[in-house]
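Each chain, written out:
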Amino acid sequence: MAGPRPAISEIPHPALAAWLTARGEPAFRAGQILAGAHRPTSASFDDLSDLPMSLRGALADAFEFSTIADTHVISGDRGLTAKAVHELADGQRIESVLMRYPARGRSSERTTICISSQAGCAVNCPFCATGQAGFGRQLTPGEIVDQVLHWHRPPWSALGDGSTGHYNIVFMGMGEPLNNADRVFAAVRLLNDPERLGIGARHITVSTSGVVPGMDRMIDELPQVNLAISLHATTDALRDELVPINRKWPVREVVAAGRRFAARTGRRVSLEYVMIDGVNDTDEQALGLAAHALGWLSHVNLIPLNPTPGSRWSGTPAAGIARFGALLRDRGIGVTVRDTRGRDIDAACGQLHAQLAGRSLRELRAVEVPA
Ligand code: SF4
């Protein structure tokens, strides 16, 4: 029995050229096809109007235009945030989020797309809805890229033709990217490819819960990609509970790997720290975090917790985050506080997926698409 059709988003140029040649078509059409499939106006092979009709039909028979079978989108933040639950061919569901940041004093608008690297996650962080749902499977490079293409293509066309504004891709959706490193690295190369989306490596961030071997691979294989480490606690006792992978790679080793990345690549590493009221927001943790962050090219990003339904935890109030941040700044640490995008649409990782479990995406009312 024939296997699944390859995704156009991950087919290598030479393989596409060989397929064309075998059909008696000129190999140069491979570039035309890849350019057309990555155009913000293309919603299917039918839209590749510079190709003969018969070739468009043959492409549709041979390749998947998208590995995403179905999507349900909800918008929030007055249209600035949109969250998608995507259903894949085998019924696995993943999430991606589009966040727009209007120019407001900057020269241009910014767009960030948050994507998933796995269906579910095995790391099992207790504050995370994805972690609670368990692990499904690894995503393929095509399934990773197709999340970006979902927002790039009609009806969203959110990235435009790349000539206006800046956009960033962050691997901060479902899954631990460095537990799927081969496919994530392949997806980053596809996103980089100037024949495809041509997204600069410096506009891509891989966020890890602390998979040390994967961080070391990034030094050699993706040295221009940004690294973010989800630290969330500064002592092994607390981090063993909040980020259970800490039992394998403890805080000291994770921070050391971050330092190696910064030293070897010259790129600033972001230490992500979700603020949980009365749990990891004590002065002791702040001082511990300052000690870990001091003296190397790092930056702390404080994230107000977006609690999952039924969670025993709540987010640190704004005053507590300000006090925690001040303790860090007083010690010379660069600190930002992430804005709380998507609270009205359950945009924290895995929440919308959990909410829609058991419901058919096809039957859900389609969301309005902003003009
Ligand atoms: S926070 Fe990230 S690493 Fe932890 S369970 Fe959720 S998806 Fe996995």
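Residues numbered from 1 in each chain as written. Predicted model: local features only at pLDDT ≥ 70, side-chain atom pairs only at ≥ 80, totals over all residues.

**Student:** Looking at this structure, how should I read the overall build of the protein chain?
**Tutor:** The secondary structure content of the protein chain amounts to 12 helices and 12 strands. Taking all 371 residues of the protein chain together, the buried fraction comes to 45%. For the protein chain, the share of sequence-separated contacts (at least 6 apart) that also reach a separation of at least 24 residues comes to 67%. (Helix = DSSP H or I, 4+ residues; strand = E, 2+ residues; numbered from the N terminus. Buried ≥ 20, exposed ≤ 12 C-beta atoms within 10 Å, placed from the backbone. Contact = placed C-beta atoms within 7 Å.)

**Student:** I tried to follow the site of the ligand on my own but got confused; where do I start?
**Tutor:** Close to the ligand lie 12 residues; Cys-121, Val-123, Cys-125, Cys-128 and Gly-131 are nearest. The residue makeup of the shell around the ligand, split by class, is 6 nonpolar, 5 polar and 1 charged. (Near = placed C-beta within 6 Å. Nonpolar A, V, L, I, M, F, W, Y, C, P; charged D, E, K, R; others polar.)

**Student:** It is not clear to me how the packing of helix α7 (residues 212-221) against helix α9 (residues 251-265) should be interpreted in this structure. Could you clarify?
**Tutor:** Packed helices, taken two at a time, are described by the angle their axes make and the gap between the axes. One can describe the packing of α7 onto α9 by two numbers: an axis separation of 9 Å at closest approach and a directional angle of 0°. In this view, α7 runs roughly parallel relative to α9, as classed from their interaxial angle. Across the interface between the two elements, Val-212, Met-215, Asp-216, Met-218 and Ile-219 of α7 pack against Glu-253, Val-254, Ala-257, Arg-260, Phe-261, Arg-264 and Thr-265 of α9. A class-by-class count of the residues in the contact of α7 with α9 yields 7 nonpolar, 1 polar and 4 charged. (Axes fitted to C-alpha atoms, helices over the stretch in contact; angles between N-to-C directions. Parallel < 35°, antiparallel > 145°, perpendicular 65-115°, else oblique.)

**Student:** Which parts of the structure should I look at to understand unusual backbone geometry?
**Tutor:** Leave glycine aside and you will find that most residues have negative phi; peptide bonds, for their part, are mostly trans. Following Pro-154, the chain continues to Pro-155 via a peptide bond in cis, the omega torsion being 5°. Within the fold, Pro-155 resides in the loop between α5 (141-152) and β7 (166-171). Backbone geometry at Asn-124 places phi at a positive 70°, although glycine is not the residue there. Mapped onto the elements of the fold, Asn-124 is located in the loop between β5 (118-120) and α4 (129-133). Positive phi, close to 65°, is recorded for His-232, a residue that is not glycine. Within the secondary structure, His-232 sits in the loop between β9 (226-230) and α8 (236-242). Taking the C-beta count within 10 Å as the criterion, His-232 has 27 such neighbours and is therefore assigned buried.

**Student:** Help me out: how do you make sense of the nonpolar core in this one?
**Tutor:** In summary, soluble globular proteins display a tendency toward joint burial of nonpolar side chains. Counting residues in hydrophobic clusters, the biggest one holds 82 residues, and the most contacted among them are Val-148, Leu-191, Tyr-273, Met-275 and Val-300. Here this core gets 7 residues from one element, more than from any other, and that element is helix α6 (residues 181-192). Apart from the residues lying within four places of it in its own chain, the contact partners of Val-300 are Leu-271, Tyr-273, Leu-289, Ala-293, Leu-328, Ile-333, Gly-334 and Val-335. If you look at the next biggest cluster of nonpolar residues, it comprises 13 residues, including Ile-8, Ile-33, Phe-63 and Phe-65. (Core = buried A, V, L, I, M, F, W, Y, C linked by C-beta atoms within 7 Å.)

**Student:** Help me understand the sheet that holds strand β10 (residues 269-275), please; the structure alone is not making it clear to me.
**Tutor:** Sheet strands line up and pair through hydrogen bonds in the backbone, either parallel or antiparallel. The mixed open sheet is built from 10 strands, whose spatial order is β1-β2-β3-β4-β7-β8-β9-β10-β11-β12. The two strands at the open ends of the sheet, each matched to only one other strand, are β1 (68-76) and β12 (335-337). On average, adjacent strands in this sheet sit at an angle of 20° to one another, irrespective of strand direction. Bridging between strand β11 (residues 298-304) and β12 involves 3 bridges; their strand directions are parallel. Within the sheet, the bridge partner assigned to Leu-302 lies in β12 and is Val-337. (Pairing = 2+ DSSP bridges.)

**Student:** What should I look at first to understand the pairing of strand β2 (residues 81-88) in this one?
**Tutor:** Side-chain direction in a regular strand flips from residue to residue, so the side chains alternate between the two faces of the sheet. The element β2 is extensively covered by neighbouring structure, given that 6 of its 8 residues are classed as buried. Summarising the sheet, β1 and β2 pair through 8 bridges and their orientation is antiparallel. Looking at the pairing, Ser-75 lines up with Ala-82 of β2. Joining the antiparallel neighbours β1 and β2 is a turn of 4 residues, in which Asp-77 adopts a positive phi near 50°. In terms of strand pairing, β2 meets strand β3 (residues 93-101) through 7 bridges, oriented antiparallel. When the bridges of β3 are listed, Glu-87 appears paired with Arg-93. Once β2 ends, the chain turns through 4 residues before running back antiparallel as β3, passing Gly-91 with a positive phi of about 90°.

**Student:** How should the pairing of β10 be read in this particular structure?
**Tutor:** Burial analysis of β10 places 6 of its 7 residues in the buried class, which makes it a mostly covered element. Sheet analysis places β10 next to β11, joined by 7 bridges and oriented parallel. If you follow Tyr-273 over to β11, its bridge partner there is Leu-302.

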